[in-house]
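# Structural features, examined
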Amino acid sequence: MRYLRTNIEADLAQKMVFLGGPRQVGKTTLALSLLGPDANESHPAYLNWDATEDRSKILKGQLPSKGNLLVLDEIHKYKPWRNFVKGLYDKHKSTLRILVTGSARLDYYRKGGDSLQGRYHYLRLHPLSLMEIGGAASLKDLSLLLKFGGFPEPFYKGEETFLRRWQLERTERVVREDLRDLENVKELSLIELLAERLPACVGSPISVQSLREDLNVAHESVERWIKVLERLYFCFRIPPYGPPRIRAVKKEQKLYMWDWSLVEEEGARFENLVASQLLKYCHFRQDTEGHKMELRYIRDRNGREVDFVVLKKGKALFAVECKINSKTASPHCAYFRQRTDIPSFYQVHIDEGDFGRAETDTRVLPFALFCRELCLP
């Protein structure tokens, strides 16, 4: 059972629920499980805009006669979907629960037209994590998660050939299908080429200028295409954090992939996995508890850096540095501890060493233990 199921059920008793997340992360499987233990794609209460038969039912307003839950999948590809869903909810809200799922940022594609404000809760489903697969203390499970990524199908299949083919097919579908259906762009081949370049950018502040030169296009085009891929849950960026006294960088962003198995270099892939886990933590607390959460990083103009800082309502909760091994704590953590108000510093790794204290020094500990102690989802 995926980690959001209980929250979805509780939210459906109050409003509509919009469930977003990357293509093939498990949204449909989770939605169908709410219709019943044996429900599949042919269930009458599951309507997928991509299916011709279901699309016809949606356009004709043919709703299932039984049941109190309706699942609308990929409905955001229907141009006037906001008004359609609003009308559906306003007319049937006392008798019908509505779950809308989609492989794009539904909060973005709801903008414009008739407002849905106050009629829905928005939740984001993330890839699998150590806590979800029950491996919060297992180096073997961490190794498998690093290798095969957190998307359910390739992870549970556990075969390298299947993973490579799945990666190619997913990237092509995101660019050739989802992007084509949702965005007014013509340079699909160039965007596909950009998508292939992005995994190599993980681990350092992303240089749009360098990508612009590789693709031989305008800076504005690359920036716009990256934003499009972010809206389709293909990648995400995090901004810098830091007070003026540490001379922190202000504009350089770091980019990560929703599918970290695309990242070839071991250290960068581990950093991407940690970034994904922390973003999952931030989204979970924001979506289910209403706290304003942010994931950032610290870097000053002299190149000193700590990989991540988690903020709640603009206030830092803790910082996290990533290292493959556990031999020593990064001196950058000590440097920024003295110059910021961040209360706790952690350094996570894939070894077994556990030493230091987060509140007074730098706590160095295995990533699996870090997940368990902070109760990450």
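Residues numbered from 1 in each chain as written. Predicted model: local features only at pLDDT ≥ 70, side-chain atom pairs only at ≥ 80, totals over all residues. Heavy atoms only, no water.

## Focus: the overall build of the chain
Regarding its fold elements, the chain presents 14 helices and twelve strands. Computed over the C-alpha atoms, the radius of gyration of the chain is 21 Å, within 12% of the 21 Å expected from 2.2 N^0.38 for a compact globule of 377 residues. When its C-alpha atoms are laid out on the principal axes, the chain stretches across 65 × 45 × 45 Å. Taking the contacts inside the chain whose residues are at least 6 apart along the sequence as the reference set, 63% of them involve residues at least 24 apart. Summed over its atoms, the accessible surface of the chain is roughly 17,300 Å², and 46% of this surface lies on carbon and sulfur atoms. Positive and negative charge centroids in the chain, built from 60 and 51 side chains respectively, lie 6 Å apart. (Helix = DSSP H or I, 4+ residues; strand = E, 2+ residues; numbered from the N terminus. Rg over C-alpha atoms; globule rule 2.2 N^0.38 Å. Contact = heavy atoms within 4.5 Å. Areas by Shrake-Rupley, 256 points an atom, 1.4 Å probe, with all protein chains shown as cover. Lys, Arg positive; Asp, Glu negative; His and termini not counted. Charge placed at Lys NZ, Arg CZ, Asp CG, Glu CD.)

## Focus on the layout of surface pockets
For the largest pocket, the calculated volume is near 890 Å³. When residues of the lining of the largest pocket are traced back to their parent elements, those giving at least two are α5 (106–109), β5 (120–124), α11 (219–231), β6 (235–238), α12 (266–289) and β8 (293–299). Grouping the amino acids of the lining of the largest pocket by side-chain chemistry returns twelve nonpolar, four polar and 14 charged. In this structure, the second largest pocket encloses a volume near 530 Å³. (1 Å grid on protein atoms, 1.4 Å probe; cavity = no way out; pocket = protein on both sides within 12 Å on 5 of 7 lines; lining within 4 Å. Points joined across faces, edges and corners; volume = space filled by probe spheres on them. Nonpolar A, V, L, I, M, F, W, Y, C, P; charged D, E, K, R; others polar.)

## Notes on the side chain of R269
Following the sequence through the fold, R269 ends up in helix α12. E264 is the oppositely charged side chain nearest to the buried, salt-bridge-free R269, at an N-O distance of 7.4 Å. A polar atom in the side chain of R269 sits 2.8 Å from the backbone oxygen of L146. Once residues lying within four places of it in the same chain are set aside, the contact partners of R269 are L146, K147, W260, S261, V263 and E264. (Buried < 20%, exposed > 50% of the residue type's maximum accessible area, 1.4 Å probe, protein only. Salt bridge = Lys/Arg side-chain N within 4 Å of Asp/Glu carboxyl O. Polar contact = N/O pair within 3.5 Å; in protein donor to acceptor, adjacent residues only side chain to side chain.)

## Considerations on the sheet that holds strand β3 (residues 69–73)
Hydrogen bonds between backbone groups are what pair the strands of a sheet, and the pairing can be parallel or antiparallel. Strand order in the open sheet made by the five strands is β2-β3-β4-β1-β5, with parallel pairing throughout. Two strands in the sheet have a free side with no partner beyond their single neighbour: β2 (46–48) and β5. Averaged over all pairs of adjacent strands, the angle between strand axes in this sheet comes to 20°, irrespective of strand direction. (Pairing = 2+ DSSP bridges. Axes fitted to C-alpha atoms, helices over the stretch in contact; angles between N-to-C directions.)

## A closer look at the side chain of E74
Summarising the element assignment, E74 is placed in the loop between β3 and α4 (81–92). Taking relative accessible area as the criterion, E74 reaches 9% and is therefore assigned buried. Excluding anything up to four places from it in sequence, E74 contacts N48, W49, D50, T101, G102 and S103.

## Examining the pairing of β6
On β6, burial covers both faces: C235 and R237 on one face and F236 and I238 on the other are all buried. Strand direction decides the pairing type here: β6 and strand β7 (residues 254–257), joined by four bridges, are antiparallel. Residue pairing in the sheet places C235 in a bridge with M257 of β7.

## Points about the environment of L63
Within the fold, L63 resides in the loop between α3 (52–60) and β3. The residues touching L63, leaving out its near neighbours within four places in the chain, are L70, L88, H92 and L96.

## What to know about the packing of helix α9 (residues 188–197) against α11
Packing of α9 against α11 leaves a shortest axis separation of 11 Å and a crossing angle of 75°. Considering their axes alone, α9 and α11 lie roughly perpendicular with respect to each other. Contact with α9, carried on its side by L190, I191, L194 and A195, involves V222, W225, I226 and L229 of α11 and no other residues of that element. When the residues that make up the contact of α9 with α11 are grouped by side-chain class, the tally is eight nonpolar, no polar and no charged. (Parallel < 35°, antiparallel > 145°, perpendicular 65-115°, else oblique.)

## A closer look at the sheet that holds strand β12 (residues 363–366)
One open sheet holds the five strands; their spatial order is β8-β9-β10-β11-β12, and the pairing between them is mixed. Edge strands, defined here as strands with exactly one partner in the open sheet, are β8 and β12. With strand direction ignored, the average angle separating the axes of adjacent strands in the sheet is 30°.

## Focus on the confidence of the model for the chain
Low pLDDT marks stretches whose predicted atomic positions should not be read closely. Taken residue by residue, the chain gives an average pLDDT of 91. The fraction at 70 or more is 97%. Averaged over each element, pLDDT in the chain is lowest for α5 (72) and highest for β7 (98). (pLDDT = per-residue confidence, 0-100.)

## What about helix α2 (residues 27–35)?
Residues of α2 that are buried include every one of K27, L30, A31, L32, L34 and L35, and no others. The inward-facing, buried residues of α2 abut α1 (5–12), β1 (16–20), β2, β3 and β4 (97–102). Of the residues one or two after α2, G36 is the one with positive phi, at around 145°.

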